[in-house]
Amino acid sequence: MPTTADVCVIGLGAMGSAAAKHCAARGARVIGIEMFGRAHGQGSSGGRTRVIRLSYFEHPDYVPLLRRAWTLWRALEEESGAHLLARTGGIYMGPPDGELVPGARRSAETHGLVHELLDAAEIHRRHPPLVPDPSWVGIAEAEAGVLAAERCIEAHLRAAERAGAVFHFGKRVDRWRVDGDGFAVETAGTTYAASSLVITAGPWIAELVPSLAPLLRVEQVPLFWFDPTAPVSRLPVWIAETADGGYYGFPQDEHGLKVARHGPADLERVRAFVRRHLPVADGALRSTHTCLYTSTPDGHFVIERREDRVVYASPCSGHGFKFSTVVGEILADLALDGVTAHPIGFLSAARFTS
Ligand SMILES: Cc1cc2nc3c(=O)[nH]c(=O)nc-3n(C[C@H](O)[C@H](O)[C@H](O)COP(=O)(O)OP(=O)(O)OC[C@H]3O[C@@H](n4cnc5c(N)ncnc54)[C@H](O)[C@@H]3O)c2cc1C
């Protein structure tokens, strides 16, 4: 197995698998090192499904990245033959003066995204399982859907391998250092040498990039799958802003109806939401899965190429998965060219010190 490469990627979850794919596709020799197995569920990317949406309430600056991500997911589907993205449409509902609906509307209007503004009665008429508070409003958009999380990671890994990337699973990186013009990356027993280093260690990233430690908070966040109590008519992906925080969910699949809170919550808390706003999901709990959320103080990502040329991405705060294709492209730009044309200035860690 080679121990020298053009690019070494540490961590092969959502972001690292995509970075490896984009670097390898451009002809770089890539080594990827991952402490667990392929598309495992122990980090931030487990739990089968992730929402993708364009009218991004978090900030309009994400929209160009989302458009590119959507294009790249479709290209990856074509290339891999795997079904990765199901377009279901999306509904984002909450108080008219809250964060969610005005934020989604601002992104949609700023970027000319097709959307509709609905009142609570219309949301319920279109999607009878959803029961918004009467004072709520909602944004509906067609360009939203569900990504099959583990399949997405596996598709990126395989595409990278087809382009020559070499992966080492079950190997933990203990440390790395700048070594001459490149980097040395140490695991128990092996030191790898690479011209460029990409660190995509998800919830563990602060162990390898200690300057991030003061910025990041890691929490365990559970996902729940419920048996429906009655046949469920077709649902879009949905988000609800409530006095108890954000909740979101997915159309029914073979595992049941998946519902989660944007942040830690126990079963009773999620059930209380379900009883009020999605009563058809108040059946038996079929399964749960806990993932790690890594949050920054402002909820936005951190993606950078530092002065020492190390490139890292912590696209986290509970909403990064949908971006992983385009983040992979950005990381390949930064690792191989030193710059990217993608508009990522708003994601620099410098915003926390300036
Ligand atoms: C419950 C939950 C729900 C979410 N829902 C959504 C959603 O609906 N839509 C959305 O877009 N996003 C969502 N997100 C966010 C999204 O899943 C994350 O942003 C994304 O998975 C982060 O990917 P990552 O590559 O940074 O981390 P990971 O996928 O965890 O990858 C990091 C990898 O690095 C490896 N690693 C770490 N340290 C080392 C080391 N020292 N040596 C070797 N390997 C190492 C780990 O084993 C891991 O495989 C959600 C997150 C959670 C937790």
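Remember, it's a predicted structure, so these values are computed and weren't measured experimentally.

A. Just the site of the ligand, in detail. Of all residues adjacent to the ligand, which total 38 residues, the nearest are G11, G13, G43, G202 and G320. Among the elements of the structure, α1 (14-25), β2 (30-34), β3 (49-53), β13 (217-226) and β17 (285-295) are those that each provide at least two residues to the shell around the ligand. Partitioned by chemical class, the residues of the shell around the ligand number 22 nonpolar, twelve polar and four charged. Taken domain by domain, the shell around the ligand gets at least three of its residues from each of domain 1 (4-46 + 150-213 + 297-352) and domain 2 (90-142 + 217-293).

B. Spotlight on the nonpolar core. By size, the foremost hydrophobic cluster in this structure holds 118 residues, and its most contacted members are C8 and V30. Split by domain, this core shows at least three residues from each of two domains, domain 1 (4-46 + 150-213 + 297-352) and domain 2 (90-142 + 217-293). In this structure, C8 is in contact with I31, I33, F183, V185, Y192, A194 and L197, ignoring residues within four places of it in sequence.

C. Expanded view of the pairing of strand β18 (residues 302-305). On β18, burial covers both faces: V302 and E304 on one face and I303 and R305 on the other are all buried. Relative to strand β19 (residues 311-314), β18 runs antiparallel, the two being bridged by four bridges. Opposite E304, over in β19, you have Y312 as the bridge partner. Counting the residues in the hairpin turn of β18 and β19 gives five residues, including R309, whose phi is positive at 75°.

D. Broad picture of the environment of K171. The residue K171 is located in the loop between β9 (166-169) and β10 (173-179) in this model. Along the chain, K171 and F36 lie 135 residues apart, while their C-alpha atoms are 7.2 Å from each other. Contact partners of K171, with chain neighbours within four places excluded, come to I33, M35 and T187.

E. Focus on the environment of T296. As for its placement among the helices and strands, T296 is situated in the loop between β17 and β18. For T296, a count of 20 C-beta atoms within 10 Å gives the class buried. Along the sequence, T296 and P315 sit 19 residues apart, while their C-alpha atoms lie 9.4 Å from each other. Setting aside residues no more than four positions away along its own chain, T296 makes contact with L215, L216, V302, C316 and S317.

F. Geometry of the packing of helix α2 (residues 63-80) against helix α5 (residues 149-162). Between α2 and α5, whose axes approach to 10 Å, the crossing angle comes to 65°. As for how α2 packs across α5, the hand of that crossing is left-handed. Across from L76, E79 and S80 in α2, the residues of α5 making contact are A155, H156, R158 and A159. Tallied by class, the residues present in the contact of α2 with α5 amount to three nonpolar, two polar and two charged.

G. Broad picture of the domain arrangement of the chain. For the chain, the assigned domains read domain 1 (4-46 + 150-213 + 297-352) and domain 2 (90-142 + 217-293). Inter-centroid distance (C-alpha atoms) of domain 1 to domain 2 is 31 Å. Each partner contributes residues to the interface: domain 1 has six residues there, and domain 2 has seven residues. By residue class, the composition of the side of domain 1 that touches domain 2 is one nonpolar, five polar and no charged.

H. Local environment of the packing of α2 against helix α8 (residues 324-336). At a minimum axis distance of 7 Å, the contact between α2 and α8 shows a crossing angle of 100°. Taken together, the axis directions place α2 and α8 in an arrangement best described as roughly perpendicular. Facing L65, R68, A69, L72, W73 and L76 of α2, the residues of α8 in contact are T325, V326 and E329. Here the contact of α2 with α8 is built from residues that sort into six nonpolar, one polar and two charged.

I. Structural detail: the sheet that holds strand β4 (residues 85-87). Overall, antiparallel pairing links the three strands, which are arranged β3-β8-β4 in an open sheet. Whereas interior strands pair on both sides, the edge strands pair on one side only; in this sheet they are β3 and β4. Direction aside, the axes of adjacent strands within the sheet are offset by 25° on average. Pairing analysis gives three bridges linking β4 to strand β8 (residues 144-148), with the strands arranged antiparallel. The partner of L85 across the bridge, within β8, is L147. This element, α5, spans β3 and β8 of the sheet and lies at about 65° to β8.

What counts as what
- Residues numbered from 1 in each chain as written.
- Predicted model: local features only at pLDDT ≥ 70, side-chain atom pairs only at ≥ 80, totals over all residues.
- Near = placed C-beta within 6 Å.
- Helix = DSSP H or I, 4+ residues; strand = E, 2+ residues; numbered from the N terminus.
- Nonpolar A, V, L, I, M, F, W, Y, C, P; charged D, E, K, R; others polar.
- Domains from an automatic or database assignment.
- Core = buried A, V, L, I, M, F, W, Y, C linked by C-beta atoms within 7 Å.
- Buried ≥ 20, exposed ≤ 12 C-beta atoms within 10 Å, placed from the backbone.
- Contact = placed C-beta atoms within 7 Å.
- Pairing = 2+ DSSP bridges.
- Axes fitted to C-alpha atoms, helices over the stretch in contact; angles between N-to-C directions.
- Left-handed = near helix turned anticlockwise from the far one by under 90°.
- Parallel < 35°, antiparallel > 145°, perpendicular 65-115°, else oblique.

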